[in-house]
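One-letter residues, chain by chain:
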Amino acid sequence: MTAPAYLMTRGRPRENRYDYQFIGAVPPARWWDAVTKHVQTTQREIVVARHEGGVGVYVTGVPSERRDAGGTPIRYTLVLDDLRDDPVLLQRIAALAWSADGYERLGEQLDKEFDADRIDAIIRGDEPAEDVPARTAAMLDSALEPAASLGDDPAGSWVGGVKDRDARRAFLARVTRLAAAEAEGWAFTSQAFGTLRGAHEAAADLRAPVAIMLLDPDGTSSIQEIAPGKGPALVKERRSRIPLIVGLSLAAVALILAIVWIMRSSA
Amino acid sequence: MNPAFKAAVLGPTRVGKTTLLTAILDETKQMLAGTGVIISLDERTQRRVRTHRQEMQQALLQREFNAYALAGTQDEAYYHVSLQSVADEDVRIPFSILDYPGKWLDPDFLDTVADGKRKWRECEEHIKASVMLLVPIDASILMEAETPPQRGAVPGLLQFGDVEEVARKWASTRNLAEHHHEPAVLVLAPLKCEKYFDDNGGWGRDADELRKRVAEWYGPMLDIVRGEATQRDIKIIYAPIDTYGVVELMEADWPRESDGRLGFRAHYRIRGDKTTPSVKAAGAVMTALCQCVVDGWAVAEGRVLAARQHDYARLVARDRERKGFWGTIGYYVSGESARNAADQGKTAMEITQIEQRQQQVRKSVEALAATAYDPRVEPWS
Ligand SMILES: Nc1nc2c(ncn2[C@@H]2O[C@H](COP(=O)(O)OP(=O)(O)OP(=O)(O)O)[C@@H](O)[C@H]2O)c(=O)[nH]1
Ligand SMILES: [Mg+2]
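Here is what the cut-offs are and how they apply
- Residues numbered from 1 in each chain as written.
- Chains lettered and ligands numbered in written order.
- Predicted model: local features only at pLDDT ≥ 70, side-chain atom pairs only at ≥ 80, totals over all residues.
- Heavy atoms only, no water.
- Donors = N, O, S within 2.8 Å, 3.2 Å for Na, K, Ca; no water.
- Helix = DSSP H or I, 4+ residues; strand = E, 2+ residues; numbered from the N terminus.
- Buried < 20%, exposed > 50% of the residue type's maximum accessible area, 1.4 Å probe, protein only.
- Pairing = 2+ DSSP bridges.
- Contact = heavy atoms within 4.5 Å.
- Axes fitted to C-alpha atoms, helices over the stretch in contact; angles between N-to-C directions.
- Phe/Tyr/Trp six-rings, centres within 6.5 Å; stacked < 30°, edge-to-face > 60°.
- Parallel < 35°, antiparallel > 145°, perpendicular 65-115°, else oblique.
- Left-handed = near helix turned anticlockwise from the far one by under 90°.
- Nonpolar A, V, L, I, M, F, W, Y, C, P; charged D, E, K, R; others polar.
- Core = buried A, V, L, I, M, F, W, Y, C linked by side-chain atoms within 4.5 Å.
- Domains from an automatic or database assignment.
- Buried area = accessible area lost by both parts, 1.4 Å probe.
- Salt bridge = Lys/Arg side-chain N within 4 Å of Asp/Glu carboxyl O.
- Polar contact = N/O pair within 3.5 Å; in protein donor to acceptor, adjacent residues only side chain to side chain.

Description of the coordination of the magnesium ion (ligand 2)
Residues and elements named next belong to chain B.
Here is step 1 of the chain: Thr18 (OG1) and Thr73 (OG1) make up the full set of protein donors to the magnesium ion (ligand 2), lying at 2.0 Å. In this pair, Thr18 sits in helix α1 (residues 17-31) while Thr73 sits in the loop between α2 (43-61) and β3 (77-85), placing the two residues 55 residues apart along the sequence.
Here is step 2 of the chain: Using a relative accessible area of 21% as the deciding quantity, one classes Thr73 as partly exposed.

Below you can see the structure in the form of structure tokens.
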């Protein structure tokens with residue numbers, strides 16, 4: 001018996017009540033919220049995290065064949081709250097990160113399992129839906145590729161590109177270690193940024209170890225360590241203001257005078 | 001963080017907010033070519049814009065143009081954008097422009113979004129602090145509505161009630177004593193209007209009719225805004241914009257939706273075999289935004305000069321503490337931004353250089369502000 005897989009999608013009618021929502025059951029905690037500003041939630045992204053309720057995975061940007069009434073393509077988002085007991089399933093889900101085909105297949109299977117009329121009826125309240133998370137979990141096995149092999153997962157925070165084989169294997173190893181409580185924090189893909197600097201910003205914001213898989217890296221794909229507290233993002237960090245304010249006060253006043261003078265003569 | 005000048009979009013879902021922002025940034029880039037100043041986007045903003053641009057491109061590569069192909073916005077997004085010296089990334093004027101899912105305008109819908117109320121409150125704070133409110137309008141809905149039931153559907157489709165409420169809050173905040181002397185601009189930006197113009201690859205002759213309909217339908221909102229702004233003027237700019245430009249509405253349907261109301265579907269064709277957008281008139285928005293900065297500058301400079309005989313240090317300290325528009329202007333006018341750039345043990349020569357670049361950015365902002373509007377664009381007050 002696998003953990004329930006919460007399913008978020010929308011119905012076809014235009015009205016707001018058919019908008020994106022969890023179908024049948026809602027995850028008790030939105031443990032993935034802190035990371036959403038570091039990913040593009042409308043694109044293909046995967047987030048794995050240790051949280052109070054276990055080790056969860058969040059998969060977004062899964063394409064459906066359905067279109068809403070206006071013609072906008074519909075997507076699915078999947079949330080499994082706790083996969084500590086099933087690290088292999090977690091690995092198989094995480095491996096979607098580098099498989100556009102895998103995403104397509106998952107979307108097709110979901111479309112088959114829940115046809116368009118049924119989703120609309122569920123949202124309207126005309127059909128029962130309690131079984132949606134269980135049915136979603138049950139179909140995952142047939143929708144996913146077999147598990148791939150793991151690699152070396154460097155300790156601490158790192159970032160790598162999806163094209164790099166070592167990075168991919170390390171990513172799988174990291175999610176496995178998260179599930180086994182051997183690692184803390186987050187492992188996630190991102191299309192929201194593509195540089196080491198962007199990864200530093202995310203790590204600093206999340207205040208926890210991170211393993212980041214860049215889906216569209218600017219530059220090298222090989223694994224790079226994200227040293228806590230310092231990095232290329234911070235080379236411009238200003239020094240403390242206090243000695244400066246004292247030391248520069250005279251110079252500053254002179255500078256203001258100069259600038260005001262320049263501005264006045266140019267006005 | 002350097003303080004930034006704020007702006008925000010206001011419109012229902014699918015109206016074209018995100019597409020409009022992309023078009024504005026693209027056109028600003030072209031307007032700045034060769035000036036020594038560039039428009040620079042922070043990494044996440046750049047990615048967001050790139051994804052959106054790719055989606056637009058894909059929509060044009062489909063054989064049949066899907067008018068609503070683009071994924072809607074799912075979370076609030078701040079576009080961090082600066083006009084920046086090519087030579088020195090510390091010398092810049094930053095803007096922060098808010099985009100969000102249009103459906104958040106609907107209070108009932110907000111109830112269903114986790115944390116929705118809090119997120120929307122944050123958005124509202126940004127909107128109220130914005131010197132510019134950018135209101136995209138679905139021109140095709142206004143123009144294709146012919147029969148009484150179709151016209152009856154317009155207010156619902158464009159969510160006039162919700163849009164007016166936010167515009168009211170914006171205007172009443174602009175009217176507060178502490179914001180009186182700040183600039184305030186409302187831009188009415190009809191989108192999806194390729195069919196009605198003949199100046200961007202089309203043969204439409206309906207520019208006058210579009211202006212008339214926008215004035216009619218948005219008259220009540222403008223009245224609300226003017227009614228709130230009892231102590232000040234609010235500048236209103238009418239700017240019909242092409243974000244795609246190379247598509248054209250062929251047919252509009254008004255099907256009955258499942259809730260009994262009329263919906264709207266537009267069918268487009270792509271002109272010729274165009275695969276890249278031909279943006280029109282979007283640059284006017286950046287021009288208007290730069291005018292806000294330049295106007296503010298003039299006022300702030302007056303204050304700095306007036307205070308010259310008095311006490312500089314006190315004035316500067318106060319500016320630094322001030323929040324909002326004057327704090328931001330003060331930061332750039334008082335020279336604090338230059339000092340910050342210079343405060344790392346730079347030599348006198350380097351400091352002079354920084355000052356020169358600052359002048360250059362300032363000149364560019366002034367030049368952008370002085371750029372003539374596209375002939376489509378009109379100041380309405
Ligand atoms: N023909 C045409 N289509 C446009 C124009 N501007 C936007 N669109 C289309 O309108 C649809 C909605 O645009 P978005 O920019 O995503 O709308 P939005 O207001 O950000 O929507 P939400 O994010 O849901 O609030 C997209 O499929 C665009 O391609 C335009 O000027 N002309
Ligand atoms: Mg949007």
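Observations concerning the sheet that holds strand β6 (residues 185-191) of chain B
Residue and element names in this part refer to chain B.
Here is step 1 of the chain: Across the sheet, eight strands lie side by side as β2-β3-β4-β1-β5-β6-β7-β10; this open sheet has mixed pairing. Only two strands of the sheet have a single partner each, and these edge strands are β2 (37-41) and β10 (378-379).
Here is step 2 of the chain: Set on the sheet, helix α4 (residues 116-128) makes contact with β1 (5-9), β3, β4 (92-99) and β5 (132-138); between it and β4 the angle comes to about 135°.

Here we look at the packing of aromatic side chains
Residues and elements named next belong to chain B.
Here is step 1 of the chain: One pass over the full model with this rule turns up 13 aromatic pairs over all chains.
Here is step 2 of the chain: Seen from their ring centres, Tyr100 and Trp120 are 5.1 Å apart, and the 75° between their planes marks the pair as edge-to-face. Linking Tyr100 in the loop between β4 and α3 (107-111) with Trp120 in helix α4, this pair joins segments that are 20 residues apart in sequence. Each of the two residues, Tyr100 as well as Trp120, counts as buried.

Focus on the environment of Leu70(B)
Here is step 1 of the chain: For Leu70(B), the location among the structural elements is in the loop between α2 and β3.
Here is step 2 of the chain: Exposure remark for Leu70(B): the relative accessible area of 9% places this residue in the buried category.
Here is step 3 of the chain: Separated by 30 residues in sequence, Leu70(B) and Tyr100(B) have C-alpha atoms that sit 14 Å apart.
Here is step 4 of the chain: The residues contacting Leu70(B), other than those within four sequence positions of it, are Thr72(A), Arg14(B), Thr19(B), His52(B), Glu55(B), Met56(B), Ala59(B) and Tyr244(B).

Topic: the sheet that holds strand β9 (residues 224-225) of chain A
All names here are of chain A.
Here is step 1 of the chain: The mixed open sheet is built from nine strands, whose spatial order is β2-β1-β5-β4-β3-β7-β8-β6-β9. Strand pairing shows two members of the sheet lacking a second neighbour, β2 (21-23) and β9, which therefore form its edges.
Here is step 2 of the chain: Where strand β4 (residues 54-67) meets strand β5 (residues 73-80), six bridges bridge the pair, whose relative direction is antiparallel. Bridging from a neighbouring strand, Tyr58 pairs with Val79 of β5.
Here is step 3 of the chain: Its contacts with the sheet put helix α1 (residues 87-94) on β3 (45-51), β4 and β5, and the angle it makes with β4 is roughly 45°.
Here is step 4 of the chain: Sheet strands in contact with helix α2 (residues 100-113) are β1 (5-9), β3, β4 and β5, and its direction is about 75° off that of β4.

Digging into the packing of α2(A) against helix α4 (residues 132-143) of chain A
Residues and elements named next belong to chain A.
Here is step 1 of the chain: In contact at an axis separation of 10 Å, α2 and α4 are set at 135° when each is read in the N-to-C sense. The angle between α2 and α4 falls in the class oblique. Like other packed secondary-structure pairs, α2 and α4 cross with a definite hand, here right-handed. Seen from α2, the contacting residues are Arg105, Leu106, Gln109, Leu110 and Glu113; seen from α4, they are Arg135, Thr136, Met139, Leu140, Ser142 and Ala143.
Here is step 2 of the chain: Of the residues that constitute the contact of α2 with α4, the class distribution is five nonpolar, three polar and three charged.

So, the nonpolar core
Here is step 1 of the chain: One finds Tyr100(B), Leu186(B), Leu188(B) and Tyr218(B) to be the most contacted residues of the largest nonpolar core, which totals 115 residues.
Here is step 2 of the chain: Counting residues per element, this core draws most heavily on helix α9 (residues 283-306) of chain B, which supplies 10 residues.
Here is step 3 of the chain: Residues from two domains meet in this core; each of domain 1 (5-298 + 370-379) and domain 2 (300-367) of chain B gives at least three.
Here is step 4 of the chain: Membership of the second largest hydrophobic core comes to 49 residues, among which are Val57(A), Leu110(A), Val162(A) and Ala187(A).

A closer look at the domain arrangement of chain B
Residue and element names in this part refer to chain B.
Here is step 1 of the chain: Partitioning chain B into structural domains gives domain 1 (5-298 + 370-379) and domain 2 (300-367).
Here is step 2 of the chain: Taking only C-alpha atoms into account, the centre of domain 1 sits 32 Å from that of domain 2.
Here is step 3 of the chain: The partner domain 2 presents 20 residues to the 28 residues of domain 1 that form the contact.
Here is step 4 of the chain: With both sides pooled, the region where domain 1 packs onto domain 2 buries about 2,100 Å², and carbon together with sulfur makes up 67% of that total.
Here is step 5 of the chain: Of all residues in domain 1, Phe5, Val91 and Trp297 give up the largest surface area on contact with domain 2, accounting jointly for 31% of the area buried on that side.
Here is step 6 of the chain: Viewed at the interface, domain 2 and domain 1 are joined by one salt bridge.
Here is step 7 of the chain: The salt bridge partner of Asp88 is Arg357, with a shortest N-O separation of 3.4 Å.
Here is step 8 of the chain: Viewed at the interface, domain 2 and domain 1 are joined by four residue pairs in polar contact (both at pLDDT 80 or more).

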